[in-house]
Amino acid sequence: MAATLLALTGCGTDAASDGGEQDKPSAAASNTTSYPLTLKNCGTDVTVKAAPKKAVTLNQTAAEILIHLGVGDRIAGTGYEIEKTPPAIAERYEKIPVLSAPGAEIKHEKLLEAQPDFVYGSFASMFTKEQSGERKQLHDLGVPTYLTEFDCTYHESVKNADFSMLFEEYRRLGRIMGVPEAGEKLAAEQKAVVDKAVGAVEKRDKPLKVMWFYSTYEGTPWAAGPGGLPQHISKLVGVENIFADAKTKWAEVSWDEVAARNPDVIILADLTRGEPNDTAEEKIELLKKDPLTSKLAAVKGDRFITIPGSHMDPAYGSASAVPALVDGLNKLG
């Protein structure tokens with residue numbers, strides 16, 4: 001999720017990109033990119049005239065994706081740091097200038113100071129006048145932008161949100177950055193991770209009911225609804241998301257609703273932003289102390305599975321959420 005009640009999580013649109021043939025992965029992808037390159041992204045035509053040399057990522061997980069594509073040395077700045085950098089890329093990430101305060105968005109003026117030739121972000125809430133600037137505003141300045149297709153419109157569910165959409169994002173970013181082979185390679189590697197995990201799922205006579213517990217805001221719980229990766233992962237591994245009927249992909253619910261729907265397992269988002277009840281440990285303590293939720297069988301039986309919160313939004317780490325969930329479910333029996 002993005003900041004404030006953004007601090008809840010990412011957002012989407014009711015449809016994926018309506019781009020033409022140029023947006024579809026080919027069976028034999030070229031190992032070069034022809035510029036100018038035009039892509040339709042979240043309903044907007046984006047033209048990149050040359051491979052970006054001074055990209056700015058609006059959030060930490062966006063930077064991590066570019067690092068894994070092998071172009072981290074071309075990131076001129078990043079922002080919205082909310083967790084410890086994964087050790088595998090920490091050395092490369094720490095070389096990137098941070099253009100915002102911890103847990104905060106990059107402001108428009110600070111973004112322009114970096115003189116970016118490309119801006120990539122994972123949350124629609126960051127492409128606003130109050131934050132980094134609207135996409136049209138940046139395009140008018142000659143700075144192309146890319147917003148994840150999972151979050152074209154803040155907080156709405158995304159039709160057909162799945163891993164193929166994330167893997168296509170890797171391919172498109174690879175083409176934008178002039179490293180299409182890296183995009184194809186990353187997509188293939190992560191697809192293998194997901195497929196292997198799904199193959200390890202232990203079959204049950206009846207699907208388990210799960211709650212994806214992301215955070216609380218002023219005491220109100222927020223949980224995964226439809227149209228996001230948690231819902232897609234639930235289907236992949238054969239569990240039932242108790243809030244699959246919510247109106248948004250991240251839904252404001254109530255403890256009464258949680259109790260009434262009585263999940264068999266609670267999947268905890270482990271967050272390190274510093275907000276109340278952000279960490280998995282704090283969530284467990286909250287659930288065990290609350291007079292209502294403390295009576296739930298999942299809480300009394302410690303039927304919890306912990307996943308990094310950032311992995312619940314589209315990110316490089318999202319693929320690893322699948323084996324983590326499958327392993328946790330298999331251990332619970």
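Our subject in this report is the structure included herewith. Note that the coordinates shown come from a computational prediction; the quantities given were computed from them, not determined experimentally. (Residues numbered from 1 in each chain as written. Predicted model: local features only at pLDDT ≥ 70, side-chain atom pairs only at ≥ 80, totals over all residues. Heavy atoms only, no water.)

**Topic: the pattern of salt bridges**
For the structure shown, the criterion picks out 14 salt bridges. Of the charged contacts, one joins Lys136 and Asp140 as a salt bridge, the two residues approaching to 2.9 Å between their closest N and O atoms. Here the residue Lys136 and the residue Asp140 both occupy positions in helix 4 (residues 135–140), the gap between them amounting to 4 residues, near one helical turn. The pair Lys136 / Asp140 is uniform in exposure class, with both members exposed. (Salt bridge = Lys/Arg side-chain N within 4 Å of Asp/Glu carboxyl O. Helix = DSSP H or I, 4+ residues; strand = E, 2+ residues; numbered from the N terminus. Buried < 20%, exposed > 50% of the residue type's maximum accessible area, 1.4 Å probe, protein only.)

**Thoughts on the environment of Leu236**
Here Leu236 lies in helix 7 (residues 229–237). Considering only alpha carbons, one finds Leu236 and Asp162, 74 residues apart in sequence, at a separation of 9.7 Å. For Leu236, the residues in contact, after removing those within four places along its chain, are Phe163, Val194 and Val198. (Contact = heavy atoms within 4.5 Å.)

**Topic: the environment of Pro102**
With respect to the helices and strands, the residue Pro102 is situated in the loop between helix 2 (90–93) and helix 3 (108–113). Sequence separation between Pro102 and Val56 is 46 residues; the distance between their C-alpha atoms is 16 Å.

**Focus: the state of the cysteines**
Throughout the structure, instances matching the rule amount to 1 disulfide. Here Cys42 connects covalently by a disulfide to Cys152, the sulfurs 1.9 Å from one another. On the S-S bond that ties Cys42 to Cys152, the torsion sits near -75 degrees, and the link is left-handed. Linking Cys42 in the loop between strand 1 (37–41) and strand 2 (44–48) with Cys152 in the loop between strand 6 (145–147) and helix 5 (163–176), this pair joins segments that are 110 residues apart in sequence. Here Cys42 and Cys152 have matching classes, each one buried. (Disulfide = S-S within 2.5 Å.)

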